[in-house]
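# Summary of structural features
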Amino acid sequence: MENTGEIKMEPQKILISLPNWLGDIVMSIPTIKGMRWLFPESHLAVLVHSNFAQIFKHNPDINEIIIHTRGEGWRKIFGSFKMAKDVRKKRFDMALILPRSFNSALVTFMSNIPERIGYEGDSRGLFLTKSLPRKDDVIKQHRVYYFLNLLNIFNKPVPFSAPRLYSGTEEEQWADGLLKRLNIPSKALLIGFNAGASHGKAKCWLPENYIELALKLINFYDAYILLLGGPAETRLNSRILKKVPKDKVIDLSGQTDILQLASLLKRCRLLVTNDTGPMHMAAALTTPVVAIFGSTDPVTTSPFERRHALIYKKVSCSPCHKRICPIDHKCMTQITAGEVFEACQAMLKNYI
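What comes next is a walk through the structure.

The rules we used
Residues numbered from 1 in each chain as written. Predicted model: local features only at pLDDT ≥ 70, side-chain atom pairs only at ≥ 80, totals over all residues. Heavy atoms only, no water. Axes fitted to C-alpha atoms, helices over the stretch in contact; angles between N-to-C directions. Helix = DSSP H or I, 4+ residues; strand = E, 2+ residues; numbered from the N terminus. Left-handed = near helix turned anticlockwise from the far one by under 90°. Contact = heavy atoms within 4.5 Å. Nonpolar A, V, L, I, M, F, W, Y, C, P; charged D, E, K, R; others polar. Expected span 1.5 Å × (residues − 1). Buried < 20%, exposed > 50% of the residue type's maximum accessible area, 1.4 Å probe, protein only. Arc of directions from axis to C-beta. Pairing = 2+ DSSP bridges. Lys, Arg positive; Asp, Glu negative; His and termini not counted. Salt bridge = Lys/Arg side-chain N within 4 Å of Asp/Glu carboxyl O. Polar contact = N/O pair within 3.5 Å; in protein donor to acceptor, adjacent residues only side chain to side chain. Core = buried A, V, L, I, M, F, W, Y, C linked by side-chain atoms within 4.5 Å. 1 Å grid on protein atoms, 1.4 Å probe; cavity = no way out; pocket = protein on both sides within 12 Å on 5 of 7 lines; lining within 4 Å. Points joined across faces, edges and corners; volume = space filled by probe spheres on them.

### Describing the packing of helix α7 (residues 169–181) against helix α10 (residues 258–267)
- Their axes nearest at 9 Å, the elements α7 and α10 cross at an angle of 60°. Handedness of the α7/α10 crossing: right-handed. For the pair α7 and α10, contact is made by E171, E172, W174, A175, D176, L178 and L179 and by L259, Q260, S263, L264, K266 and R267, respectively.
- Its residues assigned to classes, the contact of α7 with α10 comprises six nonpolar, two polar and five charged.

Laid out in structure tokens, this is it:
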């Protein structure tokens, strides 16, 4: 049941509890910007997983970054109590809870935050003072709007802004230095590949196709290609690297932090990627994206920018949102390297 009674207080300290996935965090940035607009004088803090805290290092709308780690089983339960104890000491007046988990609402309740705002569902409404129902029309819209929808509870129009990321001088100098050490010419066409995906193999275009695409881009554009990703993508990227020219393709998997990755994405003329967190980072940095979708829904999680190409085969079982395809993975096998290359050409049509 919708609980949208008037919020009378002008909070001095606001906590925004963020999701645990990189892409969702990027897509929540307009909501953070909206909270800053609604409460320009308030102290604004984000509660974010340690893996992604760097994203907000240079964000001008944030006053404080509170880091948590995510365990499993008893560690998760113990971590929740510790997190609530730590947050309680900071005496927040209001919490905006973006994750839909039971635990995220429970933690703010245990933190004694007087005003707790979020979506209902999974019995978490008991811990919220103001809530909105997760109706189908809200769930099925783009995730940027899904998060922003929560601000309707304040009954004030909020100016819209697309997700934007910020990096600092240190990260920019690091990226320039890296490219110089790699002997990549300053005017070279630089293209990023993000061939992995944290949600599972069902989201991944075949590595053989990335190999074929790399060869086409090198032969046609004399491009340099950066293989991006975390430590989990090391094995996958090494498979790609074995079949391409080593002087043109550089494997950087596991060698960058979040802001270093952002600085490299800014220098890419194009990112070819599965539905991943770095895809949303690139869009938030205004780097053009060729996004390859299979098991997930492009309506809700496509790059939030006009400067992207979306490749998606609407097969009968898609989007299934499974981690591993139980049948033939036809949503991805039907997408050819030639088709993606044509999309890249369209995005690079002004490149000389």
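### A word on α7
- Between its first and last C-alpha atoms α7 spans 18 Å; for 13 residues at 1.5 Å apiece the expected length is 18 Å, and the two agree.
- Listed in full, the buried residues belonging to α7 are E171, E172, A175, L178 and L179. Burial along α7 is one-sided: seen end-on, the buried residues are contained in an arc of 125°. Exposed and facing more than 90 degrees away from the buried side of α7 are T169, E170, Q173, K180 and R181.
- Note on α7: the residue one or two positions beyond its end, N183, has a positive phi of about 60°.

### What to know about the sheet that holds strand β4 (residues 94–97)
- Taken together, six strands build an open sheet; the order of strands is β3-β2-β1-β4-β5-β6 and the sheet is parallel. Since the sheet does not close on itself, it has two edges, and those belong to β3 (64–68) and β6 (130–132), each with one partner. Taken over all neighbouring pairs, the strand axes of this sheet differ in orientation by 15° on average, direction set aside.
- Bridging between strand β2 (residues 43–49) and β3 involves five bridges; their strand directions are parallel. Across the sheet, H49 pairs through a bridge with H68, a residue of β3.
- Strands in contact with helix α2 (residues 29–38) are β1 (13–17), β2 and β4; relative to β2, the strand with the most contacts, it is inclined by about 160°.
- Across the sheet, helix α4 (residues 102–110) is in contact with β1, β4 and β5 (115–119); its angle to β4 comes to roughly 175°.

### Side note on the side chain of E120
- Assignment of secondary structure puts E120 in the loop between β5 and β6.
- Among buried charged residues, E120 stands out as having no salt bridge; its nearest opposite-charge side chain is R124, 8.9 Å away.
- One polar contact links E120 to S131, side chain to side chain, over a distance of 3.0 Å.

### Some points on the nonpolar core
- Ranked by size, the top nonpolar core spans 63 residues in total, and within it I16, M35, F56, F154, L226 and M281 carry the most contacts.
- Ranked by size, the runner-up nonpolar core spans 34 residues in total, among them M332, I335, A337 and C344.

### Some words on the layout of surface pockets
- Empty space within the second largest pocket amounts to approximately 420 Å³.
- Elements represented by at least two residues in the lining of the second largest pocket include exactly α8 (207–221) and α9 (234–241).
- For the lining of the second largest pocket, a count of residues per class yields twelve nonpolar, three polar and five charged.

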